[in-house]
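Tertiary structure, described
The residues making up each chain are set out below.
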Amino acid sequence: MSIKFQYYFNDTGTNLNDFSLYNHDATLTTDGNGVWSSETPFDVSSNAYINSPGSFKFNGGDYFKHDVSDNWTGSFTFSTWVKPTETMIEYSSIFASSDSKTVINSFQIDANSSDRWTIRLKNTNNTVTVYDFADISLNNWQHIVIAWNYDAIYANRFLKLFFNGVLVETETPPSYVNYLFDFYKIGSNRNSAKLFKGYITSTILYDNALLDDEIYSLYNADASGSIHDVSICPTFTTNQHIFVPIYLDNDKIVV
């Protein structure tokens, strides 16, 4: 497992810094109305707040974009905190994986006409797969996670949709479904035509499908600042050498 990007939104200016080892910084496109903000879903005493002490307020003319030079497809987990401040029009998006809705296997996380969060995918047979999974909560922070497991064995494939730490939907998509990343776009749909209005912070992308309890822990980690209570961890002292294994993926990234 590796982290493809990790955006804390503790920035200023027109650059959204990526804290993963891939350095996938995103660049702001703006009409000048979007602003960096101290608005955050996290308690000020938490580690989550230390990492993400603010957010970006999108005002309908702003989005961040990174062109992915090593386009990739397959399993992933996408996690973000969002706070819509105006009723979202259909197709307005918090994240998109391409710069065009015609790109096969590209997708976006957007709103439908019933004020529901939706994941919308362009399929290889030129159809569109759409799953809506939660009501959009206006003027409230909400945690959204999409987990896609792609496997050579079709029976092992699944799409899981989480809202505020709770699994709300599990899908087994058709065999031709997969998900592609050739852009990372935050605050915009694929065509850059339907833009988000509200706050976004603490956004992360993994290249595997996290387990349910890992996603629950991720939600609580973002909310409390720790994956678990370190006070209950065992401690010991020794004068012996301790060997700790470190694993690298094919790109020699620590996993």
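Quantities reported herein were computed from a predicted structural model and do not represent experimental measurements.

Each helix and strand in the protein chain was counted, giving two helices and 16 strands. Buried positions account for 49% of the 255 residues belonging to the protein chain. For the protein chain, the share of sequence-separated contacts (at least 6 apart) that also reach a separation of at least 24 residues comes to 64%. Here the protein chain has roughly 12200 Å² of accessible surface; of this, 50% comes from carbon and sulfur atoms.

Taken together, the five bridges between strand β13 (residues 158-163) and strand β14 (residues 166-171) define a ladder with antiparallel strand orientation. Counterpart to L161 in the pairing with β14 is E169. The turn joining β13 and β14, which pair antiparallel and follow one another in sequence, is formed by two residues; a positive phi near 50° is taken by N164.

On the basis of which strands lie adjacent, the open sheet formed by eight strands has the order β2-β3-β6-β15-β8-β9-β10-β11 and antiparallel pairing. Each edge of the open sheet is held by one strand with a lone partner, namely β2 (15-16) and β11 (128-135). Relative to strand β15 (residues 180-186), strand β6 (residues 62-73) is paired through six bridges, and the arrangement is antiparallel. Directly across from W72, in β15, lies its bridge partner F181.

Position of S98 relative to the elements: it lies in the loop between β8 (93-96) and β9 (107-111). We classify S98 as buried; its relative accessible area is 1%. Not counting residues within four places of it along the chain, the set of residues in contact with S98 comprises V103, S106, D182, F183, K185 and R190. Within polar-contact distance, the side chain of S98 engages the side chain of D182 at 3.0 Å.

In the Ramachandran plot, S192 falls in the positive-phi region, its phi being about 55° despite a non-glycine side chain. Topologically, S192 is positioned in the loop between β15 and β16 (197-206).

Averaged over all residues, the pLDDT of the protein chain equals 90, while 87% of them reach at least 70. In this model residues 226-234 is a low-confidence stretch, pLDDT under 50, and it forms five contacts with partners more than four residues away in sequence or in other chains. For the stretch residues 249-253, pLDDT sits under 50, and the model shows nine contacts to residues farther than four places along the chain or on other chains.

In this structure the tally under the stated criterion is eight salt bridges. Across the salt bridge formed by D110 and R120, the nearest N and O atoms sit 2.8 Å from each other. Placement of D110 in strand β9 and of R120 in strand β10 (residues 116-122) is noted, with a sequence separation of 10 residues between them. Both residues of the pair, D110 and R120, count as buried.

What follows deals with the packing of aromatic side chains. Using the criterion set out here, one finds 27 aromatic pairs in the structure. Both rings, one in F56 and one in F64, keep their centres 5.1 Å apart while their planes meet at 80°; by these two values the pair is edge-to-face. F64 gets classed as buried once you look at its relative accessible area, which sits at 1%. Plain terms: the ring middles of F95 and F107 are 6.0 Å apart, the flat faces sit at 50° to each other, and that makes the pair tilted. Of the two residues, F95 is situated in strand β8 and F107 in strand β9; the sequence distance between them amounts to 12 residues. We classify F95 as buried; its relative accessible area is 0%.

Before going further, it helps to spend a moment on the nonpolar core. Grouped together as the largest cluster of nonpolar side chains are 41 residues, with contacts concentrated most on F76, F95 and W117. In terms of nonpolar packing, the next biggest core, distinct from the first, is built from nine residues, F162, A209, L210 and L218 among them.

Among the five residues that make up strand β1 (residues 3-7), four are buried, leaving the element largely enclosed by the rest of the structure. In this structure, β1 lies alongside β16, joined through four bridges in antiparallel fashion. Counterpart to Q6 in the pairing with β16 is I204.

This brings us to the environment of I136. With respect to the element layout, I136 can be found in the loop between β11 and β12 (142-149). Along the primary structure I136 and T118 are separated by 18 residues, whereas in three dimensions their C-alpha atoms are 9.7 Å apart. Not counting the four nearest positions on each side in its chain, I136 is found in contact with P84, M88, A111, D115, R116, W117 and Q142.

Calculation criteria
- Residues numbered from 1 in each chain as written.
- Predicted model: local features only at pLDDT ≥ 70, side-chain atom pairs only at ≥ 80, totals over all residues.
- Heavy atoms only, no water.
- Helix = DSSP H or I, 4+ residues; strand = E, 2+ residues; numbered from the N terminus.
- Buried < 20%, exposed > 50% of the residue type's maximum accessible area, 1.4 Å probe, protein only.
- Contact = heavy atoms within 4.5 Å.
- Areas by Shrake-Rupley, 256 points an atom, 1.4 Å probe, with all protein chains shown as cover.
- Pairing = 2+ DSSP bridges.
- Polar contact = N/O pair within 3.5 Å; in protein donor to acceptor, adjacent residues only side chain to side chain.
- pLDDT = per-residue confidence, 0-100.
- Salt bridge = Lys/Arg side-chain N within 4 Å of Asp/Glu carboxyl O.
- Phe/Tyr/Trp six-rings, centres within 6.5 Å; stacked < 30°, edge-to-face > 60°.
- Core = buried A, V, L, I, M, F, W, Y, C linked by side-chain atoms within 4.5 Å.

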